[in-house]
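Chains, contacts and geometry: an overview
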Amino acid sequence: MSDNFYITTPIYYVNDKPHLGHAYTTIAADVITRWHRLNGRPAYFLTGTDEHGQKVFEAATKRGLTPTQHVDELCEPFKALWARLDIQNDDFIRTTEPRHTKVVQDVLQNLFDKGDIYTADYEGWYSTSAERFWTEKDLVDGKCPDTGTQVEWIKEKNYFFRMSKYADQLRDYIDANPDFLRPVSRKNEVLGYLKKEVGDLCISRPKSRLPWGIPFPMDTDYVTYVWFDALLNYISAIGYHPSGSKDTFNRWWPASYHLVGKDILTTHSVYWSTMLFAMGLRPAECLYAHGWWTIEGNKMSKSIGNVVDPHLLIDCYGSDAVRYFLMREILFGADGDFSHLGFMTRYNADLANDLGNLAHRALSMTSKWLGGAVPALDPNTAADDALQRVADEAVDGFRSNIEGMQISTALESLWSLVQAGNKYIDDMEPWKLNREGDLARLAGVMRRCLEICRVAAVLLSPVAPNKGKELGEKLGLTALDVDSVQSLDRLVQGSSVEAGEPLFPRMAELPERIQSALAGALPEKAEEAAAKADAKKQKQEAPVAEEAEQSNPFIQFEDFLKVQLKVGEIVEADKHPNADRLLALKVEVGEERPRSIVAGIAAKYAPDDLVGKKIVIVANLKPRKLRGVMSEGMLLAATGSELEGLVTVDSGVNFGSTVG
Ligand code: MSP
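First things first, this report covers the structure right here in the doc. None of these values were measured; they are calculated from a predicted model.

This model, assessed by the stated rule, comprises 34 salt bridges. Residue Arg99 is joined to Asp91 by a salt bridge in which the shortest nitrogen-to-oxygen separation is 2.8 Å. On the basis of relative accessibility, which here comes to 32%, the residue Arg99 falls in the partly exposed class. Through salt bridges with shared partners, a single ionic network connects Asp378, Asp384, Arg441 and Arg448.

Structure below.
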């Protein structure tokens, strides 16, 4: 691993305004970059806009503008959204800038001179909307398989990149670099693609059909295929030129991460890697393909009218809450659903309740009873030692997960400490200590709580930079020091703390603007959301009735929520080395690596029958060794007097999804 960290997002098409999907990747890149900067690692973060190609040309034509007018206007909303989301990108590249077009043209010329680009006549079914040729057998009902639109038979001269020449090199590269394609399921997808013969790539478009693109240097009748142009942004932005000095470029290349959505995995893994091989360069260390957000259960689409405008969320909840929600809600790699009710519920549960309460309790009790000054430590109690152990685990978990791009799991680790802090307050009952006049112990308890808030402020800061800073200021810190998170005794005794306003005010109901947006877009969904919100409110208002229920055999809903059920895909299955009854499985749940799970199902299933099955696991069971093999979860199965079968899910359900 190079000491320098370089991360990229896809460059976004300027055919429309930025939406939640765009914000998602950009926030993830920002979080990880901020984390590395916090740790003193030199980091470079690139994003930008993809301004050529058919889609952009059509969008401009529709608006009655020249492509140049259109792209100059529409790259601005991206920049503005990144500013509002506190994105600290080092550069914003536009593919119409001369610093990029020049590199594309020189790379084309160079590869042409080398013989890696050639001309040939090409015949095939061309889809204007998908901007590509298809073979007869690709078509669905005679139409484009991607867009469902008409195709036309076209025969024309074109320029081709000898992608086939580098296919074996790519296969070898993937074998030799197991972390190159992540998550593992996506690597398998690419390997599947590479099992077929890889053809050459048509990289030109006749100007007569598409006048908008980077002109071909060796033939003015053609422009460059948009993907060949766009992919080069990752190196043109950091100073690459085929015959120029490589000093600045080598500082950052190879990139540490290309973050991409799962829909653009092939272009990045196959087109881009082979292009790099042809240029004599190595690919990025990791190409990470994340999942897609659906909105209230539906695909996000303009025609349904459910495209989520990140500005609306920022207006209602603030940038930090939006960043936190998107990073926490789904595992990076898995698909997930965005719902406004889900947003508000998580906002209230995690930010207003867990973190907000901890901070408020710690700061206001210190202010009220201890003069608002950081009190002295009380190092000699077992409860405090236990808390330090929770903190150690939380910090380690946070660090290792965030560095592997598992931001959601990292936050889960941090929250285990925040929740332990709240429980510690409940157990220690500082109000009683105050009443009884045990001020030394009260001081010790409050000190630990303030220290947990400090660790939370530091670790939260890459995800929620403003709130991290605000919490730090309440604690009297002038800077957030990541080295200090190792210990719960780093505050300066006697320095002032201040409770002030709550960090995240609780939302009693969906903000009005969101209610009207929902009502406008999906009337039935809005009603559903309002009904659910009502039910929740009633529940909160009826604690007496709930307590009465405790004497019957039912469990509370909250108890059920403690069990985390997730969909997993079995990716490996073997006999257990020490027990005939058991199988040792590897189950992909969209985390850093598949989970190792030992299951007593050998009587019913042969290992080979299991690979590919989607099952349900209990994901938050404490890991333990079963006959010498670590098991990090439990499979759900139907059992009578003996095992009847595994609980499985529909084939369309993605691993990593939450069950409940
Ligand atoms: N311009 C190309 C990328 C070229 S990179 C050299 C492109 N642009 S895009 O604007 O259409 O999409 C950009 C990214 O947004 C993709 O990674 C895509 O996966 C992501 N998303 C679009 N809709 C999304 C969701 N609903 N959810 C999550 N990400 C989504 O493709």
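Okay, the site of the ligand next. Near the ligand lie 23 residues; those nearest to it are Ile11, Asp50, Gly261, Asp263 and Trp293. In the environment of the ligand, a nitrogen atom lies 2.9 Å from a nitrogen or oxygen atom belonging to the backbone of Ile11. Tyr13 places a main-chain nitrogen or oxygen 3.1 Å from an oxygen atom of the ligand. If the ligand stood free it would expose 670 Å²; the protein chains cover 93% of that surface. Every element with two or more residues in the shell around the ligand is listed here: strand E2 (12-13), helix H1 (20-38), helix H8 (226-231), helix H9 (233-236) and strand E13 (257-261). For the shell around the ligand, the leading source of residues is H8, giving three residues. Classifying every residue of the shell around the ligand gives 13 nonpolar, eight polar and two charged.

A sheet is described by the order of its strands in space; here three strands give the open sequence E10-E12-E11, paired in antiparallel fashion. Looking along the sheet, the strands with just one partner apiece sit at the ends: strand E10 (204-206) and strand E11 (215-216). For E10 and strand E12 (residues 219-224), the ladder comprises three bridges, and the chain directions are antiparallel. Across the sheet, residue Ser204 finds its bridge partner in E12, namely Thr224.

Below, the discussion takes up unusual backbone geometry. The omega torsion of the bond from Arg182 to Pro183 falls at -10°, within 30 degrees of zero and hence cis. Inspection of the secondary structure puts Pro183 in the loop between strand E8 (181-182) and helix H7 (184-195). Put simply, Trp253 and Pro254 share a cis peptide bond, and its omega is 0°. Mapped onto the elements of the fold, Pro254 is located in the loop between helix H10 (247-252) and E13. Of note, Glu296 is a non-glycine position whose phi angle comes to about 45°, a positive value. Mapping Glu296 onto the fold places it in the loop between strand E15 (293-295) and strand E16 (298-299). Under the relative-accessibility criterion, Glu296 is labelled buried at 11%. Even without a glycine there, the phi angle at Arg627 is positive, about 50°. With respect to the helices and strands, Arg627 occurs in the loop between strand E22 (624-626) and strand E23 (629-631).

By the definition in use, this model includes 36 aromatic pairs. Ring geometry for Trp253 and Trp272: centres 6.3 Å apart, planes at 80°, overall edge-to-face. Remark: Trp272 occurs in helix H11 (residues 265-278) and Trp253 occurs in the loop between H10 and E13; sequence separation between them is 19 residues. By the burial criterion, Trp253 is buried, and Trp272 matches it. When the ring of Phe325 is compared with that of Phe338, the centres are 5.7 Å apart and the planes differ by 85°; the resulting orientation is edge-to-face.

Let us look at helix H15 (residues 382-403). The terminal C-alpha atoms of H15, which comprises 22 residues, lie 32 Å apart, in line with the 32 Å expected from a rise of 1.5 Å per residue. Within H15 the residues assigned to the buried category are Asp384, Leu387, Gln388, Ala391, Ala394, Val395, Gly397, Phe398, Asn401 and Ile402. Of the surrounding secondary structure, the elements contacted by the buried residues of H15 are H1, helix H16 (407-428) and helix H18 (439-460). Of the residues one or two after H15, Met405 is the one with positive phi, at around 70°.

A separate point is the side chain of Arg441. Checked against the element boundaries, Arg441 lands in helix H18. In this view, Arg441 contacts Asp378, Thr381, Asp384, Tyr424, Met428 and Leu433; residues no more than four positions away in its chain are not counted.

The next subject is the nonpolar core. Phe161, Ile203, Trp253, Trp272, Met279, Tyr317 and Met327 are the most contacted members of the largest nonpolar core, which totals 171 residues. By size, the runner-up hydrophobic cluster in this structure holds 16 residues, among which are Ile570, Val589, Ile601 and Tyr605.

Another aspect to go through is helix H12 (residues 310-317). Among the eight residues that make up H12, six are buried, leaving the element largely enclosed by the rest of the structure. For H12, the full list of buried residues reads Pro310, Leu312, Leu313, Ile314, Cys316 and Tyr317. A distance of 2.9 Å separates the backbone nitrogen of His311 from a side-chain oxygen at the start of H12, and that oxygen is part of Asp309.

Conventions we followed
Residues numbered from 1 in each chain as written. Predicted model: local features only at pLDDT ≥ 70, side-chain atom pairs only at ≥ 80, totals over all residues. Heavy atoms only, no water. Salt bridge = Lys/Arg side-chain N within 4 Å of Asp/Glu carboxyl O. Buried < 20%, exposed > 50% of the residue type's maximum accessible area, 1.4 Å probe, protein only. Near = heavy atom within 4 Å. Polar contact = N/O pair within 3.5 Å; in protein donor to acceptor, adjacent residues only side chain to side chain. Areas by Shrake-Rupley, 256 points an atom, 1.4 Å probe, with all protein chains shown as cover. Helix = DSSP H or I, 4+ residues; strand = E, 2+ residues; numbered from the N terminus. Nonpolar A, V, L, I, M, F, W, Y, C, P; charged D, E, K, R; others polar. Pairing = 2+ DSSP bridges. Phe/Tyr/Trp six-rings, centres within 6.5 Å; stacked < 30°, edge-to-face > 60°. Expected span 1.5 Å × (residues − 1). Contact = heavy atoms within 4.5 Å. Core = buried A, V, L, I, M, F, W, Y, C linked by side-chain atoms within 4.5 Å.

Note that all results are geometric; they support no functional claim without further evidence.
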